Amino acid sequence: MTEPGTQHSELPESTPDARAIVDAIVASVQADRSRLMDIVQAVQQRLGYLSKDAINAIAAGLHIHAVDVEDMASFYAFLGRAPKGRFQIRLSKTPISMMRGAAAVAEAFARETNAAIGNTSPDGNFTLEWTSDIGMADQEPAALVNGTVLTNLVPADAGDIIAALRRHPPIPLFPGADPQSVALPKARVVTNLVKSGPVIFQPEGRPATGLSPALNQSPETIIQVISKAKLRGRGGAGFPTGLKWKLCRQSISEAHHVVCNADEGEPGTFKDRVLLTEVPDLMFDGMTIAGYALGARHGLVYLRAEYAYLWSRLQRVLEDRRRRGLLGSDVCGRRGFDFDIRIQLGAGAYVCGEESSLIESLEGKRGAPRDRPPFPTDRGYLHQPTAVDNVETFVCAARIMEKGADWFLGYGTRESTGTKLLSVSGDCPRPGVYEVPFGITVNELLDLVAAPDAVLVQMGGPSGQAVAPKDFGRQIAYEDLSTGGSVMVFGTGRDVLGIARQFAEFFVEESCGWCMPCRVGTTLLKEGMDRVTDGCATLADIAALEALAGTVTRMSRCGLGQTAANPILTTMRNFPEAYEARLRPEAFLPRVSLNQALAVATAVQGRGPVEEGN
Ligand SMILES: Cc1cc2nc3c(=O)[nH]c(=O)nc-3n(C[C@H](O)[C@H](O)[C@H](O)COP(=O)(O)O)c2cc1C
Ligand code: SF4
């Protein structure tokens, strides 16, 4: 596989050298078809983009059809079928970045690069694009330059950054470069852990590993302890982790797999970024404990492409664990327990956070969700039993095995035990990660983050709920307001409908297009919100929008489409006055004129519609 940091040399696509490069890359993964993601990333890294010839060469090397490679490559935002600039500047476009001035930053970059958004500069150096949230909501406006993150941008930075890039050696896209190691203005990611709690970030410092004592127990006991602690998945759905592990263990198969979902694509969430940065060992402990409990030998971390800058650091942690006997054969001296972990980098697709899409992507395919059942615990990665869990879930599991179920039960509520990491962004003086016990009310949280003037709290990202002040007494817990971790605070003067419209646009961008209700429905929802925000919608339009939102929710195939209408439905429910204030003054004006619609037929037939009463 291509060494990290190797940059594309812009070889003409059909030279023998290009062919040799592709062949070597394919050979480096033993022509394993399931490693197609690694292959296309490495080829793009070396050749600049995935040319027709490169795709044919990959297909030949893997003995598959070129259409399969093309189909996969066309799915991901970070894979290119055409040449792009040496530096691909992707500016994060979210309601938070926009209210922090991302539009002006984009204009400044466009001026400095001489490239309009969506285009490449005439000198071929820069491609400028908008992208969805990149996991930096606490330090927006932010951007990716190839695989390096720039944060806290202001328009005045653009000149210095572009001048520095013109002198800069190539920056890798896959796996990316650590911002701190790249000499560019604003190439810096701050951890922003604002509040430590007792479970994950203990005040006394870095937690000790609980791996060895855990592995002295039987797999069944581990599953019992996790179940007794009532640990629920931290990725959003809150599924009981002990039950998931039990089901997976019970599935009979040659092999079982543990997958850590580090896709963290929900806009406004960045707590997994902080965990991956601050306590990666705890996450790997949790995965290893899960591997032991399930009888798995393989663990996979699916790391979102936007976090490619963490790749090398995480590899070093894995190497260190192998040296310390925490991975490999007979882990921690436990005879017969062999376990290792591989990191798979994504390529830019929000839907790949959905566990079945993620598994497809891990297998080197486009990230289209699978039909369920069968569930991953029966047929997951390589169609073998697989437990997919969130980063935070594995961290909590490790802590439970270290301190015991009763200790964990001592925090949180009856149905939501332990603490929760919240990624707080928006109108508050100290955006960042807060570890709080489940059961905290929205009001208490707003006090904690010093945001007394909030008028809307978006709980759980765009797929979650828009919470109004009348509901700020509600509890953050699975039994009330649940969240995977995203908390976006909007203060006085923010445009509620504009926020909902931007979220609607996000779902249009991220729909995988597989099923019609979501593919077409998300576009219609966005158009409906355009009319609302433009002040062109009537009461009838609002009713139609609500009905459409219900259809998209009910008829979509996967969680993305099923939650895509949430920003609209929850703002309609909780902020009706915002919609009323923007209605077109006429109570009802049909947008379709019957006479106009039938004009052609009238001309052909020589007679008009039959008048009522005739
Ligand atoms: C569109 C979509 C995106 C998702 N993104 C993520 C994600 O980025 N991280 C995550 O852990 N779970 C995500 N999920 C939830 C996963 O499908 C799955 O429930 C989760 O990884 C299970 O882990 P847990 O039980 O530890 O929460 C997403 C779900 C949907 C429908
Ligand atoms: S609901 Fe959307 S994301 Fe899910 S399968 Fe259908 S088109 Fe794809």
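Residues numbered from 1 in each chain as written. Chains lettered and ligands numbered in written order. Predicted model: local features only at pLDDT ≥ 70, side-chain atom pairs only at ≥ 80, totals over all residues. Heavy atoms only, no water.

Cys 512, Trp 514, Cys 515, Cys 518 and Cys 558 are the nearest of the 13 residues found near ligand 2. Assessed atom by atom at 2 Å from the grid points, ligand 2 resides in the largest cavity. In terms of residue class, the shell around ligand 2 is built from eight nonpolar, four polar and one charged. (Near = heavy atom within 4 Å. 1 Å grid on protein atoms, 1.4 Å probe; cavity = no way out; pocket = protein on both sides within 12 Å on 5 of 7 lines; lining within 4 Å. Sits in = over half its atoms within 2 Å of the grid points. Nonpolar A, V, L, I, M, F, W, Y, C, P; charged D, E, K, R; others polar.)

This part takes up the sheet that holds strand S1 (residues 87-92). In space, the four strands of this open sheet follow the order S2-S1-S3-S4, with mixed pairing throughout. The outermost strands of the open sheet, each flanked by one partner alone, are strand S2 (126-131) and strand S4 (148-150). On average, each strand axis in the sheet is tilted by 25° relative to the strand beside it, whichever way the strands run. With three bridges connecting them, S1 and strand S3 (residues 143-145) associate as antiparallel partners. Note on S3: the bridge partner recorded for Leu 91 is Ala 143. Along the sheet face, helix H6 (residues 102-113) touches S1 and S2 and points at about 165° away from the line of S2. (Pairing = 2+ DSSP bridges. Helix = DSSP H or I, 4+ residues; strand = E, 2+ residues; numbered from the N terminus. Axes fitted to C-alpha atoms, helices over the stretch in contact; angles between N-to-C directions. Contact = heavy atoms within 4.5 Å.)

So, on to the layout of surface pockets. A volume near 600 Å³ is recorded for the second largest pocket. Around the second largest pocket sit 34 residues that line it, and Thr 131, Ser 132, Phe 506, Glu 509 and Glu 510 are the ones nearest its centre. Mapped onto the lining of the second largest pocket, the elements with two or more residues apiece are S2 and helix H18 (496-510). Considering each element in turn, the lining of the second largest pocket owes the most residues, six residues, to H18. Here the lining of the second largest pocket is built from residues that sort into 16 nonpolar, eight polar and ten charged. (Points joined across faces, edges and corners; volume = space filled by probe spheres on them.)

Before going further, it helps to spend a moment on the environment of Arg 19. Assignment of secondary structure puts Arg 19 in helix H1 (residues 16-28). Distance in space between the C-alpha atoms of Arg 19 and Ala 73 is 18 Å, their sequence separation being 54 residues. The residues contacting Arg 19, other than those within four sequence positions of it, are Ala 57 and Ala 60.

Attention now goes to the pairing of S1. Within S1, six of the six residues are buried, leaving the element largely enclosed by the surrounding structure. Residues Phe 87, Ile 89 and Leu 91 of S1 are buried on one face, and the alternating residues Gln 88, Arg 90 and Ser 92, pointing to the opposite face, are buried as well. (Buried < 20%, exposed > 50% of the residue type's maximum accessible area, 1.4 Å probe, protein only.)

Counting 123 residues, the largest nonpolar core has Tyr 76 and Trp 245 as the members making the most contacts within it. A per-element tally of this core places helix H12 (residues 280-294) first, with nine residues. Those residues in contact with Trp 245 that sit more than four places away from it in its chain are Ile 222, Ile 223, Ile 226, Gly 286, Ile 289, Ala 290, Ala 293, Leu 294, Ala 387, Asp 389, Phe 394 and Ala 397. One finds Ala 468, Met 488, Phe 490 and Ala 500 within the second-largest nonpolar core, a separate group that totals 28 residues. (Core = buried A, V, L, I, M, F, W, Y, C linked by side-chain atoms within 4.5 Å.)

It is worth spelling out the packing of H12 against helix H15 (residues 391-403) at this point. Following both chains from N to C, one finds H12 and H15 inclined at 75°, their axes separated by 7 Å at the closest point. The orientation of H12 with respect to H15, classified from their angle, is roughly perpendicular. On the side of H12, the interface is formed by Leu 282, Met 283, Asp 285, Gly 286, Met 287, Ile 289 and Ala 290, while H15 contributes Val 391, Phe 394, Val 395, Ala 398, Arg 399 and Met 401. Grouping the constituent residues of the contact of H12 with H15 by class yields ten nonpolar, one polar and two charged. (Parallel < 35°, antiparallel > 145°, perpendicular 65-115°, else oblique.)

This part is about the packing of aromatic side chains. On inspection of all chains with the given rule, the structure shows eleven aromatic pairs. Judged by centre distance (5.8 Å) and plane angle (80°), the ring pair of Trp 407 and Tyr 411 falls under edge-to-face. For Tyr 411, a relative accessible area of 25% translates into the label partly exposed. Between Phe 438 and Tyr 478, the ring centres sit 5.1 Å apart and the planes meet at 40°, which makes this aromatic pair tilted. Here Phe 438, found in the loop between strand S11 (432-437) and helix H17 (442-448), pairs with Tyr 478, found in the loop between strand S13 (465-467) and strand S14 (486-491); they are 40 residues apart in sequence, far enough to count as distant. For the pair Phe 438 and Tyr 478, a shared accessibility class is recorded, and that class is buried. Among the aromatic side chains, those forming a connected cluster through ring pairs are Tyr 292, Phe 337 and Phe 339. Lying over the aromatic face of Tyr 307, Arg 304 brings its terminal NZ or CZ to 5.3 Å of the ring centre. Between the NZ or CZ atom of Arg 557 and the centre of the ring of Trp 514, over which it lies, the distance is 3.6 Å. (Phe/Tyr/Trp six-rings, centres within 6.5 Å; stacked < 30°, edge-to-face > 60°. Lys NZ or Arg CZ within 6 Å of the ring centre and 35° of its normal.)

A separate point is empty space enclosed by the protein. Per the stated rule, a full pass over the model turns up five cavities of 30 Å³ or more. Roughly 80 Å³ of internal volume is contained in the largest cavity. Lining of the largest cavity is provided by 13 residues; of these, Pro 369, Cys 512, Cys 515, Cys 518 and Cys 558 occupy positions nearest its centre. Along the lines of polarity and charge, the residues of the lining of the largest cavity split into eight nonpolar, four polar and one charged.

Turning our attention to the pattern of salt bridges. If charged atoms from side chains of opposite charge come close, those side chains can pair. Following the criterion strictly, the structure yields 43 salt bridges and no others. Where Glu 363 meets Lys 365, a salt bridge forms, and the shortest distance between an N and an O atom there is 2.7 Å. A relative accessible area of 4% means that Glu 363 is categorised as buried. Residues joined by salt bridges that share partners form a network here, namely Asp 281, Asp 285, Asp 320, Arg 321, Arg 323 and Arg 324. (Salt bridge = Lys/Arg side-chain N within 4 Å of Asp/Glu carboxyl O.)

In the vicinity of ligand 1, 18 residues are found, and the nearest of them are Gly 235, Lys 244, Asn 261, Asn 390 and Thr 393. One of the backbone N or O atoms of Gly 265 is found 3.3 Å from an oxygen atom in ligand 1. Between ligand 1 and Asn 390, the relevant distance is 2.8 Å, taken from an oxygen atom to a side-chain nitrogen or oxygen of the residue. Protein contact buries 88% of the 610 Å² of open area that ligand 1 shows by itself. Listed by contribution, the elements that provide at least two residues to the shell around ligand 1 are strand S9 (386-390) and helix H21 (559-564). (Polar contact = N/O pair within 3.5 Å; in protein donor to acceptor, adjacent residues only side chain to side chain. Areas by Shrake-Rupley, 256 points an atom, 1.4 Å probe, with all protein chains shown as cover.)

Before going further, it helps to examine the sheet that holds S11. Strand pairing in a sheet is mediated by backbone hydrogen bonds. Such pairs are either parallel or antiparallel. With respect to topology, six strands assemble into an open sheet ordered S5-S11-S10-S14-S12-S13, the strand pairing being mixed. Edge positions in the sheet fall to strand S5 (193-195) and S13, since each has one partner strand and no second. Along the sheet, successive strands turn relative to each other by an average axial angle of 30°, direction set aside. In terms of strand pairing, strand S12 (residues 454-459) meets S13 through three bridges, oriented antiparallel. Its bridge partner being in S13, Met 459 is matched across the sheet by Gln 465.

This part is about helix H13 (residues 311-323). Between its terminal C-alpha atoms H13 stretches 19 Å, which fits the 18 Å expected from 13 residues at 1.5 Å a residue. Where H13 is buried, its residues contact helix H8 (211-215), helix H11 (271-278), H12, strand S7 (298-303) and strand S8 (340-345). Of the residues one or two after H13, Gly 325 is the one with positive phi, at around 75°. (Expected span 1.5 Å × (residues − 1).)

These values are about where atoms sit, not about what they do.
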